[in-house]
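# Coordinates in review
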Amino acid sequence: IGWCLFMALTYIFRATTISSKYKQVTSDERVIYSRLFRFRLGVLMTATAWGSSSFLLFPPESPPHQMFLLFVLTGATAGGVTTFSADRTSALIFSLLLIMPIMIRLFAEGNSLSTAMGMAAMLYLGFMTLAIIRTNRQVSENISLRLEAANREEKMRSSEKRYRSLLAHLPVGVLH
C-alpha cells in the first residue's frame, strides 16, 4: 500500500509539472533550468518508486514472479529510454534506478537461476545505455536541424519581403 501511495504521489507531482503554465514557450534561462530541474526530479521520483519495487514487491523463492517483475521493469526502462531520450541525464537516471536494484536483488539471491537473470539484466542495462546515447544524439541533431531550418526560413521570408517591397516601389519594378 505504501508503494502504491508513493507511486500515486509521484504521478501527481509529475502531472503538475506538465500543467498548462509549463507549456508556455520561454527563452528565460532561469525558467528553463527550473523546468528541467522539476522534470528531472519527477523522473528521479518515478524511477525510485519503480526501482523500490525490486525490494518491496520481490517474491523470494518464486522465479516466475521474479521474472514477471523483471519483465515489468525492463519494459518500463525501454519506455523511459524512448520518452526521456531528449534529456540523456533523465534517461540514464531512470534506467539505472530501475534496473540496478533488481540486479542487486537477483545477485543477492545466490542461486544459479537468479545469477543468470542478474547477468541478463546487466547486459540489458548496457544495451539500454548505448541506446540512450545513440537516441539522444539523434534527437539532439534533429532538434538542431529543425532550429536551423526555421532560422533559414525566417531569413528567406524577410529577404523575400524586402525584395517585394523594392520591386513594388522602384520605377523599374512598377514598369515590370
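The following refers to the structure shown. (Residues numbered from 1 in each chain as written. Predicted model: local features only at pLDDT ≥ 70, side-chain atom pairs only at ≥ 80, totals over all residues. Heavy atoms only, no water.)

### A closer look at the overall build of the chain
Helices and strands together make up the secondary structure of the chain, namely six helices and zero strands. Counting from the amino terminus, the chain carries its helices and strands in the arrangement α-α-α-α-α-α. Compactness check: the chain gives a C-alpha radius of gyration of 25 Å against a globular reference of 16 Å for 176 residues, more than 25% above the reference. For the chain, the proportion of its 176 residues judged to be buried stands at 27%. (Helix = DSSP H or I, 4+ residues; strand = E, 2+ residues; numbered from the N terminus. Rg over C-alpha atoms; globule rule 2.2 N^0.38 Å. Buried < 20%, exposed > 50% of the residue type's maximum accessible area, 1.4 Å probe, protein only.)

### As for a nonpolar patch on the surface
Taken together, F55, L56, L57, L96, M100 and I104 make up a surface patch of nonpolar side chains, about 540 Å² in accessible area. Secondary structure elements with two or more residues in the nonpolar patch: α2 (29-56) and α4 (88-109). Residue position: F55 is located in helix α2. F55 sits in the partly exposed class, given a relative accessible area of 42%. (Patch = residues over 30% accessible without salt bridge, like charges linked within 9 Å, V, L, I, M, F, W, Y side chains within 5 Å. Areas by Shrake-Rupley, 256 points an atom, 1.4 Å probe, with all protein chains shown as cover. Salt bridge = Lys/Arg side-chain N within 4 Å of Asp/Glu carboxyl O.)

### So, the pattern of salt bridges
On inspection of all chains with the given rule, the structure shows five salt bridges. The salt bridge partner of R105 is E109, with a shortest N-O separation of 4.0 Å. With a gap of four residues between them, R105 and E109 both fall in helix α4, about one helical turn apart. Of the residues examined, R105 reaches a relative accessible area of 18% and is grouped as buried. Each of E153, E154 and R157 takes part in a single network of salt bridges with overlapping partners.

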